[in-house]
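# Survey of secondary and tertiary structure
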Amino acid sequence: MFVANGNYLKLPGDYLFSTVASKIAAYCEEHPEKAAGIVRLGIGDVTQPLAPSVIRALHKAVDEMADASTFRGYAPDLGYDFLREAIVAHDFTAHGALVSPEEVFVSDGAKSDSANIQEIFAADSRIAVCDPVYPVYVDSNVMAGRTGTYDKATGLWSDVTYMPCTCENGFAPDLPDPDAGISLIYLCFPNNPTGAVIDKPHLQAWVDYANEHGAVIIYDAAYEAYISDPSLPHSIYECEGARSCAIEIRSFSKSAGFTGTRLGYTVVPSDLKDAQGTSMRDLWARRHGTKFNGAPYIVQRAGEAVYSPEGQSETAAQIAYYMENARIILSGLREAGYEVSGGENAPYIWLKTPAGLSSWDFFDSLLDTVQVVGTPGSGFGPSGQGYFRLTAFGSRESALEAVRRIKLM
Ligand SMILES: *Cc1c(COP(=O)(O)O)cnc(C)c1O
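A brief structural summary. (Residues numbered from 1 in each chain as written. Predicted model: local features only at pLDDT ≥ 70, side-chain atom pairs only at ≥ 80, totals over all residues. Heavy atoms only, no water.)

## So, the overall build of the protein chain
When you go through the protein chain residue by residue, the secondary structure sums to 13 helices and 15 strands. With the C-alpha coordinates of the protein chain rotated into their principal frame, the extents come out at 60 × 55 × 55 Å. With 409 residues in all, the protein chain has 53% of them scored as buried. Of all intrachain contacts in the protein chain linking residues separated by at least 6 positions in sequence, the fraction that spans at least 24 positions is 72%. Between the averaged position of the 31 positive side-chain charges in the protein chain and that of its 50 negative side-chain charges there is a distance of 4 Å. (Helix = DSSP H or I, 4+ residues; strand = E, 2+ residues; numbered from the N terminus. Buried < 20%, exposed > 50% of the residue type's maximum accessible area, 1.4 Å probe, protein only. Contact = heavy atoms within 4.5 Å. Lys, Arg positive; Asp, Glu negative; His and termini not counted. Charge placed at Lys NZ, Arg CZ, Asp CG, Glu CD.)

## Focus on the site of the ligand
In the vicinity of the ligand lie 14 residues, with Tyr223, Ser251, Ser253, Lys254 and Arg262 positioned nearest. Between the ligand and Lys111, the relevant distance is 2.8 Å, taken from an oxygen atom to a main-chain nitrogen or oxygen of the residue. For the ligand, the accessible surface in isolation is 390 Å², of which the surrounding protein chains cover 93%. At the level of elements, helix H5 (110-116) and helix H8 (253-256) are the ones that each hand at least two residues to the shell around the ligand. When its residues are assigned to classes, the shell around the ligand shows six nonpolar, four polar and four charged. (Near = heavy atom within 4 Å. Polar contact = N/O pair within 3.5 Å; in protein donor to acceptor, adjacent residues only side chain to side chain. Areas by Shrake-Rupley, 256 points an atom, 1.4 Å probe, with all protein chains shown as cover. Nonpolar A, V, L, I, M, F, W, Y, C, P; charged D, E, K, R; others polar.)

## Points about the layout of surface pockets
Space inside the second largest pocket adds up to approximately 500 Å³. Taken together, 26 residues make up the lining of the second largest pocket; nearest its centre are Glu224, Ala225, Tyr226, Ser255 and Ile319. If you list the elements that add at least two residues to the lining of the second largest pocket, you get helix H4 (81-92), strand S9 (246-251) and helix H11 (309-335). Tallying contributions element by element places H11 first for the lining of the second largest pocket, with six residues. There are two domains that each give the lining of the second largest pocket at least three residues, and those are domain 1 (13-49 + 312-407) and domain 2 (56-309). (1 Å grid on protein atoms, 1.4 Å probe; cavity = no way out; pocket = protein on both sides within 12 Å on 5 of 7 lines; lining within 4 Å. Points joined across faces, edges and corners; volume = space filled by probe spheres on them. Domains from an automatic or database assignment.)

## As for the side chain of Gln300
Examined against the element boundaries, Gln300 turns out to sit in helix H10 (residues 297-306). Overall, the relative accessible area of 1% leaves Gln300 in the buried class. A polar contact of 2.9 Å, which involves the side chain of Gln300, links it to the backbone nitrogen of Tyr80. Not counting the four nearest positions on each side in its chain, Gln300 is found in contact with Ala75, Gly79, Tyr80, Phe82, Leu83, Val106, Leu263 and Ala295.

## A few points about the sheet that holds strand S11 (residues 339-342)
Strand order in the open sheet made by the four strands is S11-S12-S15-S14, with antiparallel pairing throughout. The strands lining the two open edges of the sheet, one partner per strand, are S11 and strand S14 (375-376). As defined by bridge partners, S14 adjoins strand S15 (residues 387-391) across two bridges and the pair is classed as antiparallel. Across the sheet, the residue bridging to Pro376 is Phe388, located in S15. (Pairing = 2+ DSSP bridges.)

## Details of the pairing of strand S2 (residues 104-107)
With burial as the criterion, each face of S2 is covered, one bearing Val104 and Val106 and the other bearing Phe105 and Ser107. In this structure, S2 lies alongside strand S10 (residues 264-267), joined through four bridges in antiparallel fashion. The residue bridging Val104 from the neighbouring strand is Val267, located in S10.

## Observations regarding the environment of Arg40
Following the sequence through the fold, Arg40 ends up in strand S1 (residues 39-40). Each C-alpha atom of the pair Arg40 and Gln371 lies 8.6 Å from the other, and the pair is 331 residues apart in sequence. Setting aside residues up to four positions removed in sequence, Arg40 forms contacts with Ile24 and Val373.

## Some words on the nonpolar core
Ile185, Leu187, Ile217, Tyr219, Ile236, Tyr237 and Phe258 are the most contacted members of the largest nonpolar core, which totals 58 residues. At six residues, H4 tops the list of elements feeding residues into this core. Of the domains in this structure, domain 1 (13-49 + 312-407) and domain 2 (56-309) are the two that each give at least three residues to this core. With residues near it in sequence (within four places) discarded, Ile236 still touches Leu203, Val207, Ile217, Tyr219, Ala242, Ala246 and Glu248. Counting 39 residues, the second largest nonpolar core, distinct from the first, contains Ala222, Phe362, Val370 and Ala402. (Core = buried A, V, L, I, M, F, W, Y, C linked by side-chain atoms within 4.5 Å.)

## Describing unusual backbone geometry
Cis rather than trans, the peptide bond between Phe189 and Pro190 has omega equal to -10°. With respect to the helices, strands and loops of the structure, Pro190 is situated in the loop between strand S7 (184-188) and helix H7 (200-213). With an omega of 15°, the peptide bond running from Asn192 to Pro193 counts as cis. With a phi angle near 60°, Phe171 is a residue other than glycine that sits in the positive phi range. Mapped onto the elements, Phe171 comes out in the loop between strand S6 (160-164) and S7. Residue Phe171 is classed as buried on the basis of its relative accessible area of 9%.

## Quick notes on the pattern of salt bridges
Counting across every chain of the model gives 15 salt bridges. Close ionic contact of Glu324 with Arg327 constitutes a salt bridge, the shortest N to O distance being 2.8 Å. You can see Glu324 and its partner Arg327 sitting in helix H11, three residues apart, about one turn around the helix. Connected through shared salt-bridge partners, Asp91, Glu224, Glu248 and Arg250 make up one network. (Salt bridge = Lys/Arg side-chain N within 4 Å of Asp/Glu carboxyl O.)

In structure tokens, the structure reads:
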């Protein structure tokens, strides 16, 4: 008789968004007259349509697929040169970071890359993650059998090093104890869920730590486009020595509204070598070639259009729209007396629940009294307890209305 992969059975249920959905459904059942008026600031998905220049590129590429002389089949393993060259020029060279097109692997998004990247490391590699955290990093390592046993009471895995991010440390994790023997460090800045950012000296300290202790940083920069403070690093490769210790993951989802279109990329520098001198770039190329057959030509052309002058100004306007929502939510909540952070270089606002309420109690009270929905911080990890996430991805009306109502509480 066949046997399922036991590692999958260790995964705790994905209770966060399903519990949110069932609580909203129960509330609507009980108060049907209020159902239509619920304001949703829990969504982690964009709402603005694709930019006109992206749509034009999509249409043009579709027409090319209809003609035998311009039709394209399988894409090159690493992605089309036109896209990888645009990526290198705009995302790295322009920021003074050294990355070459052979180190850029175009993919269908950052979720799959951030889940899959662990495959090229030894099964007994110890991982370190921020707490709270984007759940994909931990769950993908659970599936790989790397995380030990789960403690239901604490919500922690025995073989994972957690780096708490709370208001006490400004939502910036401390460097782990070198004796912990960590091989893989997952960092995400600007951060989901806290909206926190990292400045260059602090990011440099992580790079120095990783080089000194033989660790690799998996740097998720999915929200890089939301950085407005010119002093903040957009790429980890702006730090000295990052090419020998860091992998960077990017996405077109939040920067250009590609959540339903699917496009991302991962940079694995050729200088990244393991203890035996194995090129991790070559391993990732091998993995990519075996398990992935490329992002669609049509979508890669759409990605290229994001880097055109029109694409840059149109996507910048989308981000400005979301960030005006963030400003409205952030300042409104501050005026209402809440302790809030994030929301300045990230589309997430992270608030401390009032009067020591648990994250879920605050969720219930917000839904019951003013019909506003957000995401309980405890769903992202134990250190998220007592915090709450609001997103700026909704409409202007919903941001204004949510603030108006929260002020009535
Ligand atoms: C949204 C998000 C991504 C992007 O994922 P895609 O698969 O590219 O849509 C990656 N990392 C984090 C932390 C995110 O919040």
